[in-house]
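Letter by letter, the chains look like this.
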Amino acid sequence: MPKFRSTLMLLGLFAFAHGAMADPKLDAQMVNLASGAGCFTCHSIESGKPGPNGLAPIGPAWQDVGARYHGVPNAKKTLLRAVMDGTNPYASHWKNKVSGIAMPPNAVAIKQADAKKLVEWILNLKQ
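None of the values given here were measured: they were computed from a predicted structure.

Participant: What is the right way to read the nonpolar core from this model?
Facilitator: Grouped burial of nonpolar side chains is what soluble globular proteins tend to show. Core analysis: the largest hydrophobic core is formed by 26 residues, its most contacted members being Ile45, Trp62, Val65, Ile110, Leu118 and Trp121. Elements with a contribution of two residues or more to this core: α2 (24–37), α3 (62–69), α4 (75–85) and α5 (112–123). For this core, the element with the most residues is α5, which contributes six residues. Those residues within four positions of Trp62 in sequence are excluded, and the remaining contacts are Ala34, Cys39, Phe40, His43, Ser44, Ile45, Leu118, Trp121, Ile122 and Leu125.

Take a look at the structure:
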């Protein structure tokens with residue numbers, strides 16, 4: 001039963017988020033990768049999704065991340081470091097926009113090569 005729920009949740013996420021993306025094959029791969037790494041615990045793909053109990057979301061929506069870093073020099077490197085090593089709660093530029101105070105390190109949850117693919121995909125999401 002838990003596997004069925006996970007599969008159903010993944011399909012629902014993909015179906016709901018599909019309108020915001022471009023390449024269905026790549027989208028499915030990235031949604032699957034993100035789901036397996038636990039990214040959707042804190043992040044959503046589309047902007048404007050509320051967090052738990054009606055609070056601000058825990059982490060920024062990936063469309064917002066893509067928009068914030070679009071055209072920024074070294075954005076891929078900066079975001080990859082944030083994913084792998086975590087972020088500093090005292091230097092958050094998402095303050096007052098999300099309910100989480102920092103991103104924890106994720107080197108245990110995702111391989112660096114996979115995180116790099118995910119970051120590149122996030123930077124190319126349509127707003």
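Having seen the structure, we can now continue with the description.
Participant: For this particular structure, what's the right way to read the packing of aromatic side chains?
Facilitator: One pair of aromatic rings is described through two measures. These are the centre distance and the angle between the planes. Applying the stated rule across the entire model yields two aromatic pairs. With 5.4 Å between their ring centres and 45° between their planes, Phe40 and Trp62 make a pair best called tilted. With Phe40 in the loop between α2 and α3 and Trp62 in helix α3, this residue pair connects regions lying 22 residues apart in the sequence. Residue classification places Phe40 among the buried residues on the basis of a relative accessible area of 17%. Relative to Trp121, the ring of Trp62 lies with its centre 6.2 Å away and its plane at 85°, an arrangement referred to as edge-to-face. In this pair, Trp62 sits in helix α3 while Trp121 sits in helix α5, placing the two residues 59 residues apart along the sequence. A relative accessible area of 4% means that Trp62 is categorised as buried. Grouping aromatic residues by their ring pairs yields a cluster made of Phe40, Trp62 and Trp121. Seen from the ring of Tyr69, Arg68 lies directly overhead, with NZ or CZ sitting 5.1 Å from the centre.

The rules behind these values
Per chain, residue numbering runs from 1 following the sequence as it is written. The predicted nature of this model means local features are confined to residues of pLDDT at least 70 and side-chain atom pairs, given and counted, to a pLDDT of 80 or more, with totals for whole chains, interfaces and linings taken over all residues. Side-chain metrics in this entry use all non-hydrogen atoms of the structure; hydrogen atoms and water are not considered. For the purposes of this section, nonpolar cores are sets of buried Ala, Val, Leu, Ile, Met, Phe, Trp, Tyr and Cys residues that join through side-chain atoms within 4.5 Å. Residue burial is assigned from relative accessible area. The probe radius is 1.4 Å, only protein chains are included, and a residue is buried under 20% of its type maximum, exposed over 50%, and partly exposed in between. For helices the rule is a DSSP run of H or I covering at least 4 residues; for strands it is a run of E covering at least 2, with both sets numbered from the N terminus onward. By definition, residues are in contact when any of their heavy atoms lie within 4.5 Å. To pair, rings of Phe, Tyr and Trp, with the six-membered ring standing in for Trp, must have centres within 6.5 Å; the planes then decide the type, stacked if under 30 degrees apart, edge-to-face if over 60, and tilted in the middle. Charge over a ring is defined by NZ of Lys or CZ of Arg lying within 6 Å of the ring centre and within 35 degrees of the ring normal.

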